[in-house]
Amino acid sequence: MTSGGDVNSPATAGPTAVRVMVVDDSAVIRGLITRALETDAGVQVVATVGNGQIAVSQLARTDVDVIVLDIEMPVMDGITALPLLLKAAPDVKIVMASTLTQRNAQISIEALEKGASDYIPKPSSTGEIHGSAEFKRDLLEKVKALGRARRDRRDRNKGAGDVKSPAPTRAVVGAPARQSLLSPATPLQLRPFGRTAPQIVGIGSSTGGPQALFTVLGALPTAMRLPIVITQHMPATFTTILAEHIGRTAKRPTAEGKDGESLEPGRIYLAPGDNHMVVAVEGGRKILRLNKNPPENFCRPAVDPMFRSLAAAYGAAVLGVVLTGMGADGAKGGKVLVEAGGSVIAQDEASSVVWGMPGAAAQAGICSAVLPIDKIAAEIARVAGVR
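Bear in mind the structure is a predicted one, so any value in this text is a computation, not a measurement.

Asker: Just checking my understanding: could you explain empty space enclosed by the protein for this structure?
Answerer: Where empty space is left can be seen by rolling a probe of water-molecule size over the atoms. Evaluated as defined, the whole model comprises two cavities of 30 Å³ or more. Lining the second largest cavity, in full, are Gly194, Thr196, Pro198, Ala316, Val318, Leu319, Gly341, Gly342, Ser343 and Val383. Partitioning the lining of the second largest cavity into residue classes produces five nonpolar, five polar and no charged.

Asker: What's the story with the sheet that holds strand 4 (residues 93-98) in this structure? I'm lost.
Answerer: Backbone hydrogen bonds hold the strands of a sheet together, and the pairing may be parallel or antiparallel. An order of 2-1-3-4-5 is seen for the five strands of this open sheet, with the pairing classed as parallel. In the strand order of this sheet, the two ends are held by strand 2 (43-49) and strand 5 (118-121), each with one partner. Here the average twist between neighbouring strands, direction ignored, is 25°. Strand direction decides the pairing type here: strand 4 and strand 5, joined by four bridges, are parallel. Pairing of Ala97 across the sheet is with Ile120, part of strand 5. Those strands touched by helix 2 (residues 52-59) are strand 1 (18-23), strand 2 and strand 3 (66-70), and its axis lies near 150° from that of strand 1.

Asker: What is the right way to read the packing of helix 2 against helix 3 (residues 78-88) from this model?
Answerer: Helix-helix packing: each pair is described by the crossing angle between the helix axes and the interaxial distance. Two elements in contact, helix 2 and helix 3, have axes whose closest approach is 10 Å; the angle formed by their N-to-C orientations is 0°. In this view, helix 2 runs roughly parallel relative to helix 3, as classed from their interaxial angle. Residues Gly52, Ala55, Val56 and Leu59 of helix 2 form the contact with helix 3, whose participating residues are Ala81, Leu84, Leu85 and Ala88. Its residues assigned to classes, the contact of helix 2 with helix 3 comprises seven nonpolar, one polar and no charged.

Asker: Sorry, what's going on with the packing of aromatic side chains here?
Answerer: Here the distance between the centres and the angle between the planes together describe a pair of aromatic rings. Using the criterion set out here, one finds one aromatic pair in the structure. Ring geometry for Tyr119 versus Phe238: centroids 4.8 Å apart, planes at 20°, classification stacked. Separated by 119 residues along the polypeptide, Tyr119 in strand 5 and Phe238 in helix 8 (residues 238-250) bring together distant segments of the chain. You'll find Tyr119 and Phe238 in the same group, each marked buried. The lysine or arginine in question, Lys286, covers the ring of Tyr314, its NZ or CZ lying 4.8 Å from the ring centre. Just above the ring of Phe193 sits the side chain of Arg382; from NZ or CZ to the centre is 5.2 Å.

Asker: Sorry, what's going on with the pattern of salt bridges here?
Answerer: Working definition: two side chains of opposite charge can pair if their charged atoms are close together. Applying the stated criterion across every chain, the model contains 17 salt bridges. One salt bridge connects Asp24 with Lys122, and the closest N-O pair in it is separated by 2.9 Å. Of this pair, Asp24 sits in the loop between strand 1 and helix 1 (27-37) while Lys122 sits in the loop between strand 5 and helix 5 (126-131), placing them 98 residues apart in sequence. You'll find Asp24 and Lys122 in the same group, each marked buried. Where Lys122 meets Asp70, a salt bridge forms, and the shortest distance between an N and an O atom there is 3.0 Å. Here the residue Lys122 occupies a position in the loop between strand 5 and helix 5, and Asp70 occupies one in strand 3, the gap between them amounting to 52 residues.

What counts and how
- Residues numbered from 1 in each chain as written.
- Predicted model: local features only at pLDDT ≥ 70, side-chain atom pairs only at ≥ 80, totals over all residues.
- Heavy atoms only, no water.
- 1 Å grid on protein atoms, 1.4 Å probe; cavity = no way out; pocket = protein on both sides within 12 Å on 5 of 7 lines; lining within 4 Å.
- Points joined across faces, edges and corners; volume = space filled by probe spheres on them.
- Nonpolar A, V, L, I, M, F, W, Y, C, P; charged D, E, K, R; others polar.
- Pairing = 2+ DSSP bridges.
- Helix = DSSP H or I, 4+ residues; strand = E, 2+ residues; numbered from the N terminus.
- Axes fitted to C-alpha atoms, helices over the stretch in contact; angles between N-to-C directions.
- Contact = heavy atoms within 4.5 Å.
- Parallel < 35°, antiparallel > 145°, perpendicular 65-115°, else oblique.
- Phe/Tyr/Trp six-rings, centres within 6.5 Å; stacked < 30°, edge-to-face > 60°.
- Buried < 20%, exposed > 50% of the residue type's maximum accessible area, 1.4 Å probe, protein only.
- Lys NZ or Arg CZ within 6 Å of the ring centre and 35° of its normal.
- Salt bridge = Lys/Arg side-chain N within 4 Å of Asp/Glu carboxyl O.

Rendered as structure tokens:
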């Protein structure tokens, strides 16, 4: 491994491997991240560089699916390099890597707003990176999912040319969902929306979720006054900063949920990192409860327990929304929600960064609409009876 500003280009990747560039000013960290990634035969690190300026130059010569980009580097830092990298390769997926400080959390959320696909909290020492099975697992999962999404989208566009997502339509029971560009061979089936007007909106999201949340919540009409509860897969510190950004975008009171607080109209509540957030009925009031029950779908907070609690507290008067993210969190809880009479909307594949969570919900047959991200706010308002 070379030092600071030099470029190290490992062996050429196989045709199916996800191609990764690692950008970090520490040669030791670059080496540890490279070794962690290459424990999986489906990943190949094709370049490692020591700052953003070299990364931009290297990207012009190297086909890369995913860039793991450090925030704090000499010469050119990650937030400065981000728009230049996206300009050079608009479809490249960028994962911001930063230690868990409030400042780095703020920068990471800003990077997500500016086009980064995801982030990963980086352990604060080389020993922790070397020994952290959780960090290695999260890093591999995110890199592989994002790399495959980029490959699939590129292959699809080569085969179909510039294909636009079809416009959404009202769901009809038994009718196939409008096929997204990566849809399965078997047509998705849509359910009719529930007959009970929702009294609350529950949203679940993961990879690509912050951008999706800004788009949806920023477009909701001010007349839509239902309380909104959100579970976004994020660690503590990051969720605090995300809540502030959502509040500014949505122009609604927004904060991390607090244990025991009552749900109020027009407010947004975000699950705090490392806590499941659920709704309970106590003394006739709907209140939030936080808990540290075991992770579900490898996540805490997780969407499934939130959806289950909404079904128990509100019955049929719930509208669930599943946005972009890896895995299948939200599908099982969404099934409970639908069985109680509620309804679920999922983001479509073409507009998702990763169509894992919304795809699982859609393929489970629990959705009443599968829509592009820019159509979801209008559908939430329509179902809530707001024009």
